[in-house]
Amino acid sequence: MIGTRDQPCYPAGRPGATVAKIELRGADIASTEDLEKAVVTGVDWAVRAGEFWVISGSTWSGKSRLLETAAGLTPPIRGEYLLFGQPLAKLPTDTAAALRRRVGLVFPDGGRLFPRLTVAQNIGLPICYHRECTLDAAAPRVAQLLAEMGLVTYANWSPMRLNRSYRQRIALARALAMEPEVLLLDNPFSGLDVGHFAWWLEFLGALLSGHPLLGGKQISVVVATDDVRPWRSVANRFATIKDSRWMLLDATSDTAPGGNPGFS
Amino acid sequence: MLEGVRKLVNLDTVLDSPLPRSYTNFVGRWLLNLVETVRQVGAFALISLGVMVTHWNRAKTVIHPLIANQIAWSGIGQLPMVTFLACALGFAVIGQTVALLSRVGAHDLIGVVMVTVVVRELGPIVTAGVVLLRVGTATVIELGTARASGEVEALEALGIDPVHYLVVPRMIGMATAVVCLSAYLIVGTLCSGGLFAFLQDVPLVPGEYLKQIVLALRWEDFVLLALKGVMFGLIIATVTCFHGLARPIQLTEVSVVTTHALLTSLILCVLVDAAFLVVYLLM
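For the structure given in this document, a descriptive report is provided here. This is a predicted model, so every value here is computed, not measured. (Residues numbered from 1 in each chain as written. Chains lettered and ligands numbered in written order. Predicted model: local features only at pLDDT ≥ 70, side-chain atom pairs only at ≥ 80, totals over all residues. Heavy atoms only, no water.)

### What about the overall build of chain A?
Stated precisely, the cut-off is as follows: Note on conventions: DSSP H or I runs of at least 4 residues are helices, E runs of at least 2 residues are strands, and numbering of each starts at the N terminus. For the exposure calls, accessible area comes from a 1.4 Å probe over protein chains only, and a residue counts as buried if that area is under 20% of its type's maximum, exposed if over 50%, partly exposed in between. Note on contacts: a residue pair qualifies if any of its non-hydrogen atoms lie within 4.5 Å across the two residues. Each accessible area is a Shrake-Rupley estimate made with a 1.4 Å probe; only the visible protein chains count as cover when residues are assessed.
When you go through chain A residue by residue, the secondary structure sums to six helices and ten strands. Within chain A, the proportion of its 264 residues that are buried is 54%. When contacts within chain A are restricted to residue pairs at least 6 apart in sequence, those whose partners lie at least 24 apart make up 70%. For chain A, the exposed surface amounts to about 11000 Å²; the carbon and sulfur share of it is 51%.

Structural data, given as structure tokens:
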């Protein structure tokens, strides 16, 4: 089921709500250049099961850093960060790593693939690493992912031979390889051919409602974008970053998705 | 006031300030930079060794092929160059030694000279030079490019420890390669030296030459040779990986970082070699 847009916005930590998969409380997000300087301030945000978030903001507004923080790669400067209800910074390294594996992150602009590996090896790498198996043993899962992404023909190609639209799909397949419970996508439409938009929207919508690729499990999706318009049909939660401030948007408001708050 | 004093004694502030004009200050600045780099490389080496130990049995199906590839590239891939250098060294050392010793009638010292010069000094350091120039350079460029293009963050996002995946195989591979190539270079040099002596019609039969070498060798030579090889390999791997990975860089900085890595590796290898020389003198 694709989420509806009539759900009210609620602040993080709402009493009675299910445990959030990702939660930031009063968090300030560190800048890439200076880890002590906040690029986004006052983030109160919770991602729960079945939610499809779209976070808008102009270029350099800090969307990517917010996603990296949400994925547990960078700690916030201030405030609390909870992953599946647990404070990541206080956990032992192995426990924290195991929790982080339950979150998939797709980077923008071609997905930061490994150019020395083939397409199949790129997708199989996290499976082989975490499940201690050979690529042959991981082949059925890799083949399944390749088939869903329409990449079977290119399995043994170097990703660098493919255009950015297909590289982005490889990155998506790689992020889904470990069957994450939350999928974070950083500007997935950046540099994509327009013809691929519909495929992405349909696929992500299916992920939200329980795709066979993930055993029918319903996952949460977060998309950071500078243009909200393509996402209006599938997303059910909206937020924006404006002047370094985090703002939750009422999904029922016309100004939220349609008004393209990232540029307002 | 106190803040100003803190800034004054902060090493980073000192190193970032404009280059002083006097030569002694320039040398001082250079030494401070070197010490700071060595400190950072040391910290990076400890982290990498820690990961190597704690992750020893983890992800073997991924890491073992990487180690094998690294050994093939750093070791087997360098055999032709090392063979060429072994021949050249054998001819040069024996040529000079024979000419010198013949004048004073001390042919029986050829074996001792060969062991001292080739086994203890030239073998490991020349091999380290080959691995540094041919593998170390490529490693810095490869890792620097990977870092600049965000592959390290991609590994972290997949829950893969970048040090385990990128550094550990290189450390094991290069240490193994330098030890094995040193042994190969030494054997090659001794053989080519013997052949050259024979061709020069020197009154030294191959059996006597071999006997002199065997008598000059001590068991400590084998231990120290292996230790030296491991140390050189680890230094080259750690320094090149450190410069490639340790801090965020832009693609345009890769060439500068490569030069720094080569220079730092070379200096550290020479310093370690000097430390081993002291050990030899104490033996």
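Once you've had a look at it, read on.
### Some words on the side chain of Ser56(A)
Residue and element names in this part refer to chain A. How we decide: Polar contacts, as counted here, are pairs of nitrogen or oxygen atoms within 3.5 Å of one another; within protein the pair requires one atom able to donate a hydrogen and one able to accept it, and residues that are adjacent in sequence qualify only if both atoms are side-chain atoms.
Examined against the element boundaries, Ser56 turns out to sit in strand β3 (residues 52-57). What makes Ser56 buried here is its relative accessible area of 0%. A distance of 3.0 Å separates a polar atom in the side chain of Ser56 from a polar atom in the side chain of Thr240.

### With respect to helix α3 (residues 23-54) of chain B
The criterion, for reference: To estimate the expected span of a helix, count its residues, drop one, and scale the result by 1.5 Å.
Compared with the 46 Å implied by 1.5 Å per residue over 32 residues, the 46 Å span of α3(B) between its first and last C-alpha is a close match. Residues Arg29(B), Leu34(B), Glu36(B), Thr37(B), Val41(B), Phe44(B), Ala45(B), Ser48(B), Val51(B) and Met52(B) constitute the buried set of α3(B).

### Focus: the interface of chain A and chain B
Rule in force here: Buried area is understood as the total, over both parts, of accessible area removed when two parts are fitted together, assessed with a 1.4 Å probe. Salt bridges are defined by distance alone: a side-chain nitrogen of Lys or Arg within 4 Å of a carboxyl oxygen of Asp or Glu.
Listed as interface residues are 21 residues of chain A and, on the opposing side, 24 residues of chain B. Across the interface of chain A and chain B, roughly 1900 Å² is buried in total on both sides, 61% from carbon and sulfur atoms. Inspection of the region where chain A meets chain B yields three salt bridges. For Glu142(B), the salt bridge identified is with Arg116(A), shortest N-O distance 3.5 Å.

### Brief notes about the packing of aromatic side chains
Threshold: Here the aromatic set is Phe, Tyr and Trp, taking the six-membered ring for Trp, and pairing holds for ring centres within 6.5 Å; pairs whose planes are under 30 degrees apart are stacked, those over 60 apart are edge-to-face, and all others are tilted. By the criterion adopted, a ring carries a charge over it if an Arg CZ or a Lys NZ lies within 6 Å of its centre and within 35 degrees of its normal.
The full count for this structure, using the stated rule, is eleven aromatic pairs over all chains. Ring plane angle 40 degrees and centroid distance 5.0 Å describe the contact between Phe91(B) and Phe196(B), whose orientation is recorded as tilted. Taken together, the positions of Phe91(B) in helix α5 (residues 79-104) and Phe196(B) in helix α8 (residues 162-199) put the pair 105 residues apart, joining distant regions of the chain. The class of Phe91(B) is partly exposed, set by a relative accessible area of 36%. Among the aromatic residues, those joined into a ring-pair cluster are Phe52(A), Phe189(A), Phe197(A) and Trp231(A). Across the ring face of Trp199(A), the terminal group of Arg169(A) is positioned such that the distance to the ring centre comes to 4.0 Å. Looking at Arg174(A), its charged tip hangs above the ring of Phe114(A), at a distance of 4.8 Å from the centre.

### Comments concerning the pattern of salt bridges
Within this structure, the stated rule accounts for 17 salt bridges over all chains. For Arg102(A), the salt bridge goes to Glu181(A), with nearest N and O atoms at 2.8 Å. Taken together, the residues Arg102(A) in the loop between α2 (93-100) and β6 (103-106) and Glu181(A) in the loop between α5 (164-176) and β7 (182-186) connect sequence positions 79 residues apart. Via salt bridges that share partners, Arg116(A), Glu142(B), Glu151(B) and Arg170(B) belong to a single interconnected network.

### Thoughts on the pairing of strand β4 (residues 78-83) of chain A
Along any regular strand, the residues point their side chains to alternate faces of the sheet. All names here are of chain A. Convention followed: The pairing criterion for strands is at least two bridges between them, as found by DSSP.
Pairing of strand β1 (residues 22-30) with β4 involves five bridges; the strand directions are antiparallel. When the sheet's bridge partners are listed, Asp28 is paired in β4 with Arg78. Sheet topology note: the β4/strand β5 (residues 86-87) ladder contains two bridges and is antiparallel. Its bridge partner lying in β5, Leu82 is registered against Pro87.

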